[in-house]
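Survey of secondary and tertiary structure
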Protein chains: 2
Amino acid sequence: MGTRAGIVVTGTEVLTGRVSDRNGPWLAEELRQAGVDVGAVLVVGDRPDDVRGALTYFSSAGVDLVVTTGGLGPTADDLTAAVVGEFQGRPLAVDTELEQRVAAIVERLMARRGWRADAEATAAGVRKQAMVPAGAAVLEPVGTAPGFVVPPADGRGGPVVVVLPGPPSELQGMWPAALAAGPVRAALAGAGEVRQETVRLWGTLEAQLAATLREHEAELAGLEITTCLREGELEIVTRFAPEAQPAYDRLGAVLAEEYPATLFSTGPTLDDLVADALRDQGLTIATAESCTGGLLVARLIERAGSSAWVLGGITSYANSAKEHLVGVPGEMLAEFGAVSPQVAQALAEGARARFGADVGVGVTGIAGPGGGTPDKPVGTVHLCVVGPSGTEARSVRLPGSRTAVRERSVVRALHLLRHLLLGGPPA
Amino acid sequence: MGTRAGIVVTGTEVLTGRVSDRNGPWLAEELRQAGVDVGAVLVVGDRPDDVRGALTYFSSAGVDLVVTTGGLGPTADDLTAAVVGEFQGRPLAVDTELEQRVAAIVERLMARRGWRADAEATAAGVRKQAMVPAGAAVLEPVGTAPGFVVPPADGRGGPVVVVLPGPPSELQGMWPAALAAGPVRAALAGAGEVRQETVRLWGTLEAQLAATLREHEAELAGLEITTCLREGELEIVTRFAPEAQPAYDRLGAVLAEEYPATLFSTGPTLDDLVADALRDQGLTIATAESCTGGLLVARLIERAGSSAWVLGGITSYANSAKEHLVGVPGEMLAEFGAVSPQVAQALAEGARARFGADVGVGVTGIAGPGGGTPDKPVGTVHLCVVGPSGTEARSVRLPGSRTAVRERSVVRALHLLRHLLLGGPPA
């Protein structure tokens with residue numbers, strides 16, 4: 001492919017996992033849509049040598065563009081601008097007009113939050129943020145930090161470096177200005193279109209798919225196919241240049257032929273399928289959750305506009321809540337236990353009745369690490385969905401940690417909903 | 001510092017953000033505890049050149065150890081073992097005994113899930129996973145994929161490469177065996193102890209802290225201090241060798257002196273402080289959530305053993321649910337609107353009463369992007385906590401996207417809880 005870029009994520013807090021990086025993937029997708037091939041994201045700590053090493057890595061790899069994120073704050077460990085300036089042969093100097101604009105922003109911010117800070121300290125932080133590599137284009141702050149577009153100094157080779165702040169909302173707000181900057185436009189001028197398509201299977205083994213792909217290898221030339229198995233969903237993502245569209249069409253046909261019992265989507269995510277089905281069919285939904293403890297309803301509500309179909313949910317973690325708030329009969333809890341198919345169904349029916357919803361979902365199980373018995377080991381989960389067209393129930397034993405069991409239970413519940421609402425491959 | 005390592009995360013699905021990487025941070029923390037300095041995590045797609053480039057990068061940087069994750073599955077895009085073997089001068093060959101062990105695992109797995117697959121395809125996938133670099137130590141599979149410890153071929157220099165599978169549970173399960181392998185033990189032999197301490201402030205500006213650190217710079221030699229501002233919390237993480245303990249003690253004293261009104265933790269996270277307080281004080285809790293839609297109760301339940309203090313929650317997204325399930329008076333909803341301090345308090349009291357909990361939390365707000373009015377713009381959130389010792393309420397206008405408003409609301413609610421239960425810096 002033509003134009004290539006690298007992404008450098010800086011921040012010891014990202015490197016050590018205290019903050020999970022959302023910028024690398026976001027930028028990779030934006031660049032892909034601009035036709036740019038991103039081969040790597042390099043996460044480094046807040047040390048000059050490590051940031052310099054990252055720039056050297058991508059420069060040696062011959063990329064056209066490097067995007068850095070983070071390290072633009074007012075503290076001493078925020079050193080991206082200085083390292084990039086030095087790397088590109090463009091020493092830093094204070095931009096006094098920018099300094100005034102940043103000062104005004106910081107002042108407003110502090111007033112709004114009612115925070116006080118030493119005036120001298122604040123001024124020093126502002127001045128640091130207004131240090132600009134000579135000849136770089138300034139990207140106006142979205143938060144308090146400006147970004148920069150830093151081409152190599154005249155007569156030098158190497159990639160254009162775009163320096164962006166770490167907070168995702170600031171970075172994303174600044175991105176259009178970065179794309180519009182002259183040196184970035186020039187670097188992207190040669191980029192061609194890269195298409196990306198996704199097919200999702202539920203319950204096919206990766207090895208089986210590998211055999212199918214091997215068998216049809218000759219017909220699929222020009223496709224970059226990656227597969228990822230996650231919570232039972234096999235996601236097949238294919239990237240290709242427009243010329244390879246016929247090969248992709250062939251792949252789509254092969255998958256449809258070979259996997260009619262597991263192919264549940266040729267694009268939309270599971271969450272989108274369920275949300276669209278509820279919206280399109282004019283149905284409302286409510287949940288009663290035990291082990292998933294609100295994760296399912298929180299996920300249903302993630303989508304903007306979901307108030308049109310999500311009425312709410314009850315997290316009935318305690319048995320008394322199952323009985324008094326959802327209406328699970330006390331005798332049923334006593335006879336079958338809280339973790340039972342009977343209670344899952346009573347939760348689904350209770351959620352439906354209490355909220356007056358068209359569809360009710362009940363989930364009960366043992367997420368662990370404690371609470372398991374020989375009869376009902378950790379990972380035992382019962383799920384039930386009840387809607388106008390009937391009832392679907394499923395009992396599973398899920399592997400993994402407490403977090404994994406809870407997350408997998410949510411995925412199972414969504415597949416039950418998908419099948420109840422849309423038919424297709426079984427849940 | 002002495003021993004240095006690099007981490008290579010492979011997988012186009014990670015590079016493009018379809019899966020967020022949990023392995024890099026986990027390994028960085030494990031290696032830190034083993035006294036190893038990790039300067040970078042390099043995320044690359046499933047392409048041989050990119051994986052090779054990553055190994056070259058760390059090798060040139062002179063690290064002692066490289067850990068790779070992912071790319072050990074049965075499909076053609078799983079190529080880590082082959083690339084590492086080639087890089088280390090150790091060509092692959094089938095280990096027939098390993099092949100049999102992997103085959104048995106795959107068979108059991110398929111039987112348990114009730115999946116069928118073409119026998120020949122499965123066998124090909126198994127054989128691929130049993131290809132071992134000559135002279136490498138095999139790490140027994142935790143899932144289906146074995147891992148490897150691959151030292152450079154005799155007479156070659158360079159780092160030892162540890163090859164681990166991508167699924168976090170498999171990687172973590174295999175890690176003790178990797179650490180115990182001879183070449184890894186040898187590489188880590190020179191590692192000294194690295195300590196790490198964390199201080200958390202709520203409501204101090206990063207610029208202010210920067211000034212404090214500059215002022216005391218001379219006393220803090222030997223400390224690697226990184227700061228991270230996130231949702232209003234300023235997290236200060238310091239790494240140091242044991243010799244620098246006095247400098248760290250000085251830093252702790254300086255922070256305690258300068259920031260008595262915002263320093264809320266010298267270690268535990270906000271979540272841990274709240275959970276420990278509930279447990280230690282023998283209090284139960286329940287929530288009634290609108291805009292956060294279950295996120296708060298799900299977060300309270302994240303911790304194992306939380307069933308001892310979390311009774312549950314009601315996600316009352318619809319007004320009818322607020323009224324009929326939580327007991328918010330209809331007249332109150334009509335007079336003040338669902339997003340009001342009055343309703344937040346009624347939600348908190350309702351949650352407490354309905355679940356019979358000691359502490360109730362109510363959250364109501366407008367997460368957006370729609371639903372805002374001039375009077376109540378997007379981001380308006382009212383929170384209230386009610387407990388045996390009284391009531392605390394807060395009304396805020398939060399910036400950011402729908403997801404950001406929901407997450408920030410949860411953090412605000414946790415700070416209100418912290419202050420209600422523990423006193424200390426205001427919420």
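Note that the structure is a prediction, hence the values are computed from the model and not measured.

**Considering the sheet that holds strand S9 (residues 195–202) of chain B**
Residues and elements named next belong to chain B. With antiparallel pairing, four strands are arranged side by side in an open sheet as S10-S11-S9-S12. With partners counted over all chains shown, the strands left at the sheet margins are strand S10 (224–230) and strand S12 (263–265), one partner each. In this sheet, neighbouring strand axes are inclined to one another by 30° on average, regardless of whether the strands run parallel or antiparallel. Both S9 and S12 contribute to a ladder of two bridges, which runs antiparallel. Along S12, the bridge assignment pairs leucine 201 with leucine 263.

**Let's talk about the relation of the copies chain B and chain A**
After a rotation of 180° and a shift along the axis of 0.0 Å, chain B superposes on chain A with an RMSD of 0.1 Å. Accordingly, the operation relating the two chain copies is best matched by a two-fold axis. An overlap of 100% is found between the interface residues of chain B and their copies at the interface of chain A, pointing to a shared contact surface.

**Examining the domain arrangement of chain A**
Residues and elements named next belong to chain A. On domain assignment, one finds that chain A holds domain 1 (4–188), domain 2 (195–265) and domain 3 (270–422). Of note, the centres of domain 2 and domain 3, computed from C-alpha atoms alone, are 32 Å apart. With both chains or domains summed, domain 2 and domain 3 bury close to 620 Å², and 63% of this area falls on carbon and sulfur atoms. Three residues, Trp202, Glu231 and Phe264, lead the burial of domain 2 against domain 3; their summed loss comes to 87% of the area buried on that side.

**Remarks on the interface of chain B and chain A**
Contacts between the two partners involve 81 residues from chain B and, on the opposite side, 83 residues from chain A. Buried surface at the junction of chain B and chain A, summed over both partners, amounts to about 6900 Å²; 60% is from carbon and sulfur atoms. Summed over the shared surface of chain B and chain A, the result is four salt bridges. As a salt-bridge pair, aspartate 37 of chain B and arginine 47 of chain A come within 3.2 Å of each other at their nearest N and O atoms. Taken together, chain B and chain A are joined by 22 residue pairs in polar contact (both at pLDDT 80 or more). No other element matches strand S2 (residues 37–44) of chain B, which puts eight residues into the side of chain B that touches chain A.

**Some words on a negative patch on the surface**
A cluster of like negative charges, contributed by Asp118 and Glu120 of chain A together with Glu215, Glu257 and Glu258 of chain B, occupies part of the molecular surface. Along the polypeptide, aspartate 118 of chain A turns up in the loop between helix H5 (96–113) and helix H6 (119–129).

**Describing the pattern of salt bridges**
Evaluation of the coordinates by the stated rule reveals 38 salt bridges over all chains. For arginine 279 of chain A, the salt bridge is made with aspartate 280 of chain A, and the minimal N-O distance between the two is 3.1 Å. For arginine 279 of chain A, a relative accessible area of 43% gives the class partly exposed. Residue aspartate 280 of chain A is classed as exposed on the basis of its relative accessible area of 56%. Salt bridges sharing partners connect three or more residues here, namely Asp37, Glu224 and Arg239 of chain A together with Arg47 and Asp50 of chain B.

**So, the sheet that holds strand S10 (residues 223–230) of chain A**
All names here are of chain A. Across the sheet, four strands lie side by side as S10-S11-S9-S12; this open sheet has antiparallel pairing. Each end of this open sheet is capped by a strand with a single partner; those strands are S10 and strand S12 (263–265). Each neighbouring strand pair of the sheet contributes to a mean axis angle of 30°, computed without reference to strand direction. Against the sheet, helix H16 (residues 402–422) engages strand S9 (195–202) and S12, with an angle of about 90° to S9.

Conventions we followed
- Residues numbered from 1 in each chain as written.
- Chains lettered and ligands numbered in written order.
- Predicted model: local features only at pLDDT ≥ 70, side-chain atom pairs only at ≥ 80, totals over all residues.
- Heavy atoms only, no water.
- Pairing = 2+ DSSP bridges.
- Helix = DSSP H or I, 4+ residues; strand = E, 2+ residues; numbered from the N terminus.
- Axes fitted to C-alpha atoms, helices over the stretch in contact; angles between N-to-C directions.
- Least-squares fit on C-alpha atoms with pLDDT ≥ 70 in both.
- Contact = heavy atoms within 4.5 Å.
- Domains from an automatic or database assignment.
- Buried area = accessible area lost by both parts, 1.4 Å probe.
- Salt bridge = Lys/Arg side-chain N within 4 Å of Asp/Glu carboxyl O.
- Polar contact = N/O pair within 3.5 Å; in protein donor to acceptor, adjacent residues only side chain to side chain.
- Patch = residues over 30% accessible without salt bridge, like charges linked within 9 Å, V, L, I, M, F, W, Y side chains within 5 Å.
- Areas by Shrake-Rupley, 256 points an atom, 1.4 Å probe, with all protein chains shown as cover.
- Lys, Arg positive; Asp, Glu negative; His and termini not counted.
- Charge placed at Lys NZ, Arg CZ, Asp CG, Glu CD.
- Buried < 20%, exposed > 50% of the residue type's maximum accessible area, 1.4 Å probe, protein only.

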